[in-house]
Amino acid sequence: MAERAALEELVRLQGERVRGLKQQKASAEQIEEEVAKLLKLKAQLGPDEGKQKFVLKTPKGTRDYSPRQMAIREKVFDVIISCFKRHGAEVIDTPVFELKETLTGKYGEDSKLIYDLKDQGGELLSLRYDLTVPFARYLAMNKLTNIKRYHIAKVYRRDNPAMTRGRYREFYQCDFDIAGQFDPMIPDAECLKIMCEILSSLQIGDFLVKVNDRRILDGMFAICGVPDSKFRTICSSVDKLDKVSWEEVKNEMVGEKGLTPEVADHIGDYVQQHGGVSLVEQLLQDPKLSQNKQALEGLEDLKLLFEYLTLFGIADKISFDLSLARGLDYYTGVIYEAVLLQTPVQPGEEPLGVGSVAAGGRYDGLVGMFDPKGRKVPCVGLSIGVERIFSIVEQRLEALEEKVRTTETQVLVASAQKRLLEERLKLVSELWDAGIKAELLYKKNPKLLNQLQYCEEAGIPLVAIIGGCPKRRPCGRNQKENKPGPLHLLS
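Residues numbered from 1 in each chain as written. Predicted model: local features only at pLDDT ≥ 70, side-chain atom pairs only at ≥ 80, totals over all residues. Heavy atoms only, no water.

Brief notes about the pattern of salt bridges
1) Next: Considering all chains together, one arrives at 22 salt bridges under this definition.
2) Next: Among the ionic pairs, Arg17 bridges to Glu34, the shortest N-O distance being 3.2 Å. Residue Arg17 is found in helix H1 (residues 2-23), and its partner Glu34 is found in helix H2 (residues 28-45); the two are separated by 17 residues along the sequence.
3) Next: For Arg137, the salt bridge is made with Glu98, and the minimal N-O distance between the two is 2.8 Å. In this pair, Arg137 is assigned in helix H5 (residues 132-141) and Glu98 in strand S2 (residues 97-99), connecting sequence segments 39 residues apart. Side by side, Arg137 and Glu98 carry an identical accessibility label, which is buried. (Salt bridge = Lys/Arg side-chain N within 4 Å of Asp/Glu carboxyl O. Helix = DSSP H or I, 4+ residues; strand = E, 2+ residues; numbered from the N terminus. Buried < 20%, exposed > 50% of the residue type's maximum accessible area, 1.4 Å probe, protein only.)

Examining the UniProt feature "binding site: L-histidine" (unreviewed entry) in the protein chain
1) Next: The positions that UniProt labels "binding site: L-histidine" (unreviewed entry) are, in the present scheme, Asp130, Leu131, Thr132, Arg157, Gln173, Asp177, Arg326, Tyr330 and Tyr331.
2) Next: One can find Asp130 in the loop between strand S3 (125-127) and H5.
3) Next: If sequence neighbours within four positions are ignored, Asp130 has contacts with Tyr107, Val155, Arg157, Gln173, Leu328 and Tyr330.
4) Next: In terms of polar contacts, Asp130 uses its side chain to reach the backbone amide nitrogen of Val133, at 3.3 Å.
5) Next: Counting through the fold element by element, Thr132 comes out in helix H5.
6) Next: Relative accessible area serves as the criterion here: at 8%, Thr132 is assigned to the buried category.
7) Next: Each residue touching Thr132, except ones within four places of it in the same chain, is listed here: Asp175, Tyr330, Tyr363 and Leu366. (UniProt positions renumbered as here; feature names shortened; annotations may be inferred. Contact = heavy atoms within 4.5 Å. Polar contact = N/O pair within 3.5 Å; in protein donor to acceptor, adjacent residues only side chain to side chain.)

Details of the confidence of the model for the protein chain
1) Next: The predicted model of the protein chain averages 88 in pLDDT, with 90% of residues at 70 or higher.
2) Next: Counting interchain partners and residues more than four positions distant, the pLDDT-below-50 stretch residues 472-482 has 15 contacts. (pLDDT = per-residue confidence, 0-100.)

Remarks on the packing of helix H9 (residues 246-256) against helix H10 (residues 261-271)
1) Next: Where H9 meets H10, the closest approach of the two axes is 10 Å, and the angle between their N-to-C directions is 145 degrees. Crossing geometry of H9 relative to H10 is assigned as right-handed. In this structure, H9 contributes Trp246, Lys250, Met253 and Val254 to the contact, and H10 contributes Pro261, Ala264, Asp265, Ile267, Gly268 and Val271.
2) Next: For the contact of H9 with H10, the per-class residue count stands at seven nonpolar, one polar and two charged. (Axes fitted to C-alpha atoms, helices over the stretch in contact; angles between N-to-C directions. Left-handed = near helix turned anticlockwise from the far one by under 90°. Nonpolar A, V, L, I, M, F, W, Y, C, P; charged D, E, K, R; others polar.)

So, the pairing of strand S9 (residues 334-340)
1) Next: Extensive coverage of S9 is indicated by the burial of seven of its seven residues.
2) Next: As paired strands, strand S6 (residues 207-213) and S9 are joined by seven bridges and run antiparallel to one another. Residue pairing for S9: Val211 is matched across the bridge by Tyr336.
3) Next: Across five bridges, S9 lies against strand S10 (residues 356-362) in antiparallel orientation. Pairing of Glu337 across the sheet is with Ala359, part of S10. (Pairing = 2+ DSSP bridges.)

See below:
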């Protein structure tokens, strides 16, 4: 070790000599000679295996959250959870990883985004991609046929992150689902009502909820001439219409997925339509679509859904959009997705293109995939895109320079004179025992000004001052006996 330390010192000194020669603009030959000596010394030193050079950073697609950011996040969660509870939901939790076979084949083309883990003692595992498939596994494993639940937890996707738009590889999902056999469209309508309540309460701007039905899509593909084997892959292409033009989607259908231009054009005639209940009624009269059994069932259910949405007072927030496809394989009926019509822009705030902020749908066959006897449990649910919502709320508060409290402290226990630590400790203990959120500075004799400044910076509304009055007039303290004066409460 001593020899290595001596060599390191020689390398340091020789490095300084080389730098000095360069600053003095010495001849190239002289600099080259000294550099050669430096390299020779470094070669003698050899690699230092004990030191590893690395950049301190979070993995791609992840982030840390500061106390300020967590305070904002908790407020968003509070709004969401209070709404879920208002609608009578119970809460569950499931493991962050599942058996790989549990997740395989449930997500269509998105299956490639699943994080697989190394073999763990004979079990092939994957990080959960969403909360819906684990919920279906939970229902089948526990033989549950009826539950209204919410679940807030992290999920993982091996995606290309766009962190400025709230798109990550590790992120929270806030799910609400209703499982059980009920009359048509009543649970579906409540899910849409919940979605609207949450987005309205968060005040993130005007939004629109697009609605469609997987049965209408499948019926439309059938009458347009799409082979059954290509329904899901064409569905995935249609789902991109909110991001790219129809021409790009058509080129993908024809060039990559093998449809004829005529079939693609026929699909285009339908998927570019959107409206309200009037469009549902118009398609019920469509000579081709109305003859398809699946499509007819979907259209009739959508008509009933709009009746319930009108009674809930949210029909004006809903748009029947035939381009909405939702790429996940497990959807079987109504599907929906909430998008912001415009991102709120405050002075000094850059527009945020965050896209979808909530989505969901009906998946009546998913639980049956896990049940040994194939028993189905009808389910419908929604997921709030909390990361994207958080991006909007955070940027708005930054633009407004709005102060965010990161603690809930109600009272700071302070002292006006020295040698009052015992009294401060006794008082803060009494406050804690009474259930009051209180703090004190960790110094024996803190200055009053420092205590008041801390109070101001932390946003603490009250300060309890032991000792002399802060207005510097006599307050009953006997300096010789060293007894504390009265307690002052300032706000």
